[in-house]
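Listed below, chain by chain, are the residues.
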Amino acid sequence: QAKDAGRGCFAYFSEDLTLAARERIALESRLRRAIEQQELRVFYQPQVDIASGRIVGAEALVRWEDPVEGLIPPIRFIPVAEETGLILAVGEWVLRETCRQGRQWLDEGLPPITLAVNVSPHQFRRSDICGLVATVVAETGFPSNQLEMEITESGLMANQDNAADILNCLRGQGIRLAIDDFGTGYSSLAYLKHFPLDLLKIDKSFIDDIPDLQDDMEIAATIIAMGHILGFKVLAEGVETPEQLAFLQEKGCDMYQGYFKSRPVPAAEFAGLLRGQSGYEG
Ligand code: C2E
Ligand code: MG
Ligand code: MG
Ligand code: MG
């Protein structure tokens, strides 16, 4: 009896795995087609300077607009893209589209802002990201000092041998460099000080429970203070409430991103936010 149950269990799990594998393969080929059919979109989320309250940048975040399913969030396809290597095509498309859009906004007279693009660990490790950025910047005419590349802590740690060379190469072109999701990986501020970084982005998980969790408030305050000692600007991710913003302001955090200001929005809507800022004369 026990043996039967055991076999049943085994059969159940193996079918389950097969299903997962099949779904992954199906998603991979759908995604490949989505890239060809131009179904990917870039949304922009404002990055706000805390002292002035003004939008000084935006993070480019990919979405997949499936004709049947509608907008598919990155969590549903970035992990598969990362496993299959398709992330290289996705990442290149997002970079080119963001720089094209940024150049167009400048040509339309919008104020210059920083545009931040995510670099996946696979892309950081397996591709010539520095060469790609040089090509795309030259092609689109977007100023390299307005382009920021976001690398996660885990991306950096997974490529300890080449990380410094790649970051120095990007920095050599005038590209700005940010560490994404800081606090969730295994790096330390002492390790990060060896790299030419501009910005630390404190992970949303440390912001969520401010002002209820004393520990998280102390962690966030410490990251801000130590980040500044090391010469980095600090941005808080996932700010949703005025209490969180007030705390960050008191601790001297430089910038924030979050639903409190705006969700990621389509390009036209983001341009509207920029135009609507007081003092904009364009
Ligand atoms: P991320 O780079 O850490 O981006 C921030 C995520 O937090 C975004 O989710 C954003 O919508 C969300 N967020 C921002 N403020 C708030 C807030 O106040 N509350 C809540 N609940 N969420 C907030 P999104 O757009 O779903 O992207 C998720 C992740 O997918 C990104 O995390 C990034 O790791 C990945 N991703 C998105 N676009 C790209 C891309 O073009 N390339 C790569 N490699 N990864 C991407
Ligand atoms: Mg990011
Ligand atoms: Mg992040
Ligand atoms: Mg994240």
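Data block above holds the structure.
Cut-offs and rules
- Residues numbered from 1 in each chain as written.
- Chains lettered and ligands numbered in written order.
- Predicted model: local features only at pLDDT ≥ 70, side-chain atom pairs only at ≥ 80, totals over all residues.
- Heavy atoms only, no water.
- Near = heavy atom within 4 Å.
- Polar contact = N/O pair within 3.5 Å; in protein donor to acceptor, adjacent residues only side chain to side chain.
- Areas by Shrake-Rupley, 256 points an atom, 1.4 Å probe, with all protein chains shown as cover.
- 1 Å grid on protein atoms, 1.4 Å probe; cavity = no way out; pocket = protein on both sides within 12 Å on 5 of 7 lines; lining within 4 Å.
- Sits in = over half its atoms within 2 Å of the grid points.
- Core = buried A, V, L, I, M, F, W, Y, C linked by side-chain atoms within 4.5 Å.
- Buried < 20%, exposed > 50% of the residue type's maximum accessible area, 1.4 Å probe, protein only.
- Contact = heavy atoms within 4.5 Å.
- Donors = N, O, S within 2.8 Å, 3.2 Å for Na, K, Ca; no water.
- Helix = DSSP H or I, 4+ residues; strand = E, 2+ residues; numbered from the N terminus.
- Pairing = 2+ DSSP bridges.
- Points joined across faces, edges and corners; volume = space filled by probe spheres on them.
- Axes fitted to C-alpha atoms, helices over the stretch in contact; angles between N-to-C directions.
- Parallel < 35°, antiparallel > 145°, perpendicular 65-115°, else oblique.
- Left-handed = near helix turned anticlockwise from the far one by under 90°.
- Nonpolar A, V, L, I, M, F, W, Y, C, P; charged D, E, K, R; others polar.
- Phe/Tyr/Trp six-rings, centres within 6.5 Å; stacked < 30°, edge-to-face > 60°.
- Lys NZ or Arg CZ within 6 Å of the ring centre and 35° of its normal.

J.: Explain the site of ligand 1 to me, please; I cannot follow it from the model alone.
T.: What surrounds ligand 1 is a group of 21 residues, the closest being Arg63, Asn118, Asp180, Glu240 and Tyr259. The side chain of glutamine 45 places a nitrogen or oxygen atom 3.1 Å from a nitrogen atom of ligand 1. Aspartate 181 is positioned with one of its side-chain polar atoms (N or O) 3.1 Å from an oxygen atom of ligand 1. Protein contacts shield 80% of the accessible area of ligand 1, which totals 800 Å² for the unbound molecule. Spatially, ligand 1 is embedded in the largest pocket.

J.: Please explain the nonpolar core as it appears in this structure.
T.: Across soluble globular proteins, nonpolar side chains show a tendency to be buried alongside one another. By size, the foremost hydrophobic cluster in this structure holds 79 residues, and its most contacted members are Leu147, Met149, Leu156 and Leu192. In this structure, leucine 192 is in contact with Leu156, Ile179, Phe182, Ser187, Leu197, Leu200 and Phe232, ignoring residues within four places of it in sequence.

J.: Where do I start with the coordination of the magnesium ion (ligand 3) in this structure?
T.: Geometry sets the ideal angles at a metal, namely 109.5 degrees for four tetrahedral donors and 90 or 180 degrees for six octahedral donors. Those donors, Asp180 (OD), Asp181 (OD), Glu237 (OE) and Glu237 (OE), are the protein atoms that reach the magnesium ion (ligand 3), and they lie 2.0 to 2.7 Å from it. Expressed as a motif, the donor residue spacing for the magnesium ion (ligand 3) is D-D-x55-E. In this structure the magnesium ion (ligand 2) is found 4.0 Å away from the magnesium ion (ligand 3), and aspartate 180 serves as a bridging donor for the pair. In this pair, aspartate 180 is assigned in strand β6 (residues 176-182) and glutamate 237 in the loop between β8 (233-236) and α11 (242-250), connecting sequence segments 57 residues apart. Taking the relative accessible area as the measure of exposure, aspartate 180 reaches 6% and is therefore buried. Take glutamate 237: its relative accessible area is 10%, and that puts it in the buried class.

J.: Explain the pairing of strand β2 (residues 55-66) here, please?
T.: Along any regular strand the residues' side chains alternate between the sheet's two faces. For β2, the buried fraction is high: 10 of the 12 residues fall into the buried class. Hairpin remark: strand β1 (residues 40-49) followed by β2, antiparallel, with 5 residues in the connecting loop; positive phi at glycine 53, about 75 degrees. Of the pairings in the sheet, the one linking β2 to strand β4 (residues 114-119) comprises 4 bridges and is parallel in character. Counterpart to alanine 58 in the pairing with β4 is leucine 115. Bridge analysis of β2 against strand β3 (residues 70-72) gives 3 bridges, and the strand direction is antiparallel.

J.: Please explain the coordination of the magnesium ion (ligand 2) as it appears in this structure.
T.: In the first shell of the magnesium ion (ligand 2), the protein supplies Glu59 (OE), Asn118 (OD1), Glu150 (OE) and Asp180 (OD), at 2.0 to 2.2 Å from the metal. Each donor residue of the magnesium ion (ligand 2) belongs to the same chain, with the gaps between them written as E-x58-N-x31-E-x29-D.

J.: Would you mind showing me how to read empty space enclosed by the protein here?
T.: To find leftover empty space, one rolls a probe the size of a water molecule over the atoms. Enumeration over the complete set of coordinates arrives at 1 cavity of 30 Å³ or more. In this structure, the largest cavity encloses a volume near 40 Å³.

J.: Mind showing me how you'd approach the environment of leucine 132 here?
T.: Structurally, leucine 132 is set in helix α5 (residues 129-140). Along the sequence, leucine 132 and aspartate 161 sit 29 residues apart, while their C-alpha atoms lie 20 Å from each other. Residues contacting leucine 132, with those up to four places away along its chain left out, are Glu92 and Leu95.

J.: Could you clarify how one ought to interpret the packing of helix α3 (residues 87-107) against α5 in this entry?
T.: Interaxial distance between α3 and α5 falls to 9 Å at its minimum, and their mutual angle equals 30 degrees. One way to sum up the angle between α3 and α5 is to call them roughly parallel. Crossing of α3 over α5 shows right-handed handedness. Residue-level contacts link Glu92, Leu95, Arg96, Cys99, Arg100 and Arg103 of α3 to Leu132, Val133, Val136, Glu139 and Thr140 of α5.

J.: Honestly, the packing of α5 against helix α7 (residues 163-172) in this entry has me stumped. Any pointers?
T.: When two helices pack together, their arrangement is given by the angle between their axes and by how far apart the axes lie. Axis separation between α5 and α7 bottoms out at 9 Å; the angle between their running directions is 15 degrees. Looking at the two axes, α5 sits roughly parallel to α7. The hand of the α5/α7 crossing is right-handed. Within the contact between the two elements, α5 uses Ile129, Cys130 and Val133 and α7 uses Ile166, Cys169 and Leu170. Looking at the contact of α5 with α7, its residues break down into 6 nonpolar, no polar and no charged.

J.: Quick question: what am I supposed to make of the packing of aromatic side chains here?
T.: Each aromatic ring pair is described using two quantities: the centre-to-centre distance and the angle formed by the ring planes. Here the structure, examined in full by the defined rule, presents 6 aromatic pairs. For the pair tryptophan 64 and phenylalanine 77, a centre-to-centre distance of 5.7 Å together with 90 degrees between the ring planes defines the contact as edge-to-face. With tryptophan 64 in strand β2 and phenylalanine 77 in the loop between β3 and α2 (78-84), this residue pair connects regions lying 13 residues apart in the sequence. The class for tryptophan 64 is buried, based on a relative accessible area of 1%. Taking the relative accessible area as the measure of exposure, phenylalanine 77 reaches 0% and is therefore buried. Consider the rings of tryptophan 105 and phenylalanine 270, whose centres lie 5.4 Å apart with planes at 45 degrees: the pair is tilted. One end of the pair, tryptophan 105, is in helix α3; the other, phenylalanine 270, is in helix α12 (residues 267-275), and 165 residues separate them in sequence. You can call phenylalanine 270 buried: its relative accessible area is 0%. Each member of the aromatic cluster is reached from another via a ring pair, and the members are Tyr44, Trp105 and Phe270. For arginine 263, the ring lying beneath its charged end belongs to tyrosine 259, and the centroid distance is 4.0 Å.

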